[in-house]
Amino acid sequence: METAQSTQQAAPGAFAAFARFVLCGGGVGLASSFAVASLGSWLPWALANALITVGSTLLSTELHARFTFGAGGRATWRQHAQSAGSAAAAYAVTCMAMLLLQQLVATPGAVLEQVVYLSASALAGVARFAVLRLVVFARNRSQATATIRTAHAASPAGPVHATVARTSAPADPAALCRAA
């Protein structure tokens, strides 16, 4: 008898998901910080940050859907929109941190700017992880797979766990007859 196999990845635990989040999001964030610094020398800093935030959010959401949270495929438009909401909050945090730095230090150096920007990004990143894990990708994971536990009375091993993937049935009646 064949066992049912899920077409999606198993959802990682909280620790593994956070490690992946740091790797993917942190890598994109680190690259973004250098891109913001470079672009910020040609454009107003807030505009440079906005442009880089949009691009990095799109990239990060795809990475998180495929790798971090085990969604098993591309991010949906809904997930992109929800992720953009958390990114907008992160954008506000980084802008406020940089504006505060400019108010406190007349001419901050590049190193100090990077430290402030990366610190604000890290703080916002922890909040984004919680939102993405608990809201954005949680529903997708619970709708995509169902875990069925059945007790096998004859087995000394105890309960048997099976993961079942939900698929759409063919709409064509002839295809249904052939499938039966």
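Structure's up top.
All values derive from a computational prediction rather than experimental measurement.

> Got a sec to walk through the pattern of salt bridges? Specific residues and values, please.
Should their charged atoms come close, side chains of opposite charge can pair. Under the defined criterion, the tally for this structure stands at two salt bridges. For Glu 62, the salt bridge identified is with Arg 66, shortest N-O distance 3.2 Å. Of this pair, Glu 62 and Arg 66 both sit in helix α2 (residues 45-68), four residues apart, which is roughly one turn of that helix. According to the relative accessible area criterion, Glu 62 is buried, its value standing at 13%. Looking at Arg 66, the relative accessible area reads 41%, which means it is partly exposed. The closest approach of N and O atoms between Glu 62 and Arg 74, which form a salt bridge, is 3.7 Å.

> Just give me the short version of the side chain of Ser 86, but keep the residues and values in it.
Along the polypeptide, Ser 86 turns up in helix α3 (residues 77-104). Among the polar contacts listed, one links the side chain of Ser 86 to the backbone oxygen of Ser 83, at a separation of 2.8 Å. Apart from the residues lying within four places of it in its own chain, the contact partners of Ser 86 are Arg 128, Val 131 and Leu 132.

> Would you mind going over the packing of aromatic side chains in detail, with residue names and values included?
Tallied over the full model, the rule gives six aromatic pairs. Judged by centre distance (6.0 Å) and plane angle (75°), the ring pair of Trp 45 and Tyr 117 falls under edge-to-face. With Trp 45 in helix α2 and Tyr 117 in helix α4 (residues 110-136), this pair connects stretches of sequence that are 72 residues apart. For the pair Trp 45 and Tyr 117, a shared accessibility class is recorded, and that class is buried. An aromatic cluster is present here, built from Phe 18, Phe 21, Phe 69, Phe 129 and Phe 137 joined pairwise through their rings.

About the cut-offs
Residues numbered from 1 in each chain as written. Predicted model: local features only at pLDDT ≥ 70, side-chain atom pairs only at ≥ 80, totals over all residues. Heavy atoms only, no water. Salt bridge = Lys/Arg side-chain N within 4 Å of Asp/Glu carboxyl O. Helix = DSSP H or I, 4+ residues; strand = E, 2+ residues; numbered from the N terminus. Buried < 20%, exposed > 50% of the residue type's maximum accessible area, 1.4 Å probe, protein only. Polar contact = N/O pair within 3.5 Å; in protein donor to acceptor, adjacent residues only side chain to side chain. Contact = heavy atoms within 4.5 Å. Phe/Tyr/Trp six-rings, centres within 6.5 Å; stacked < 30°, edge-to-face > 60°.

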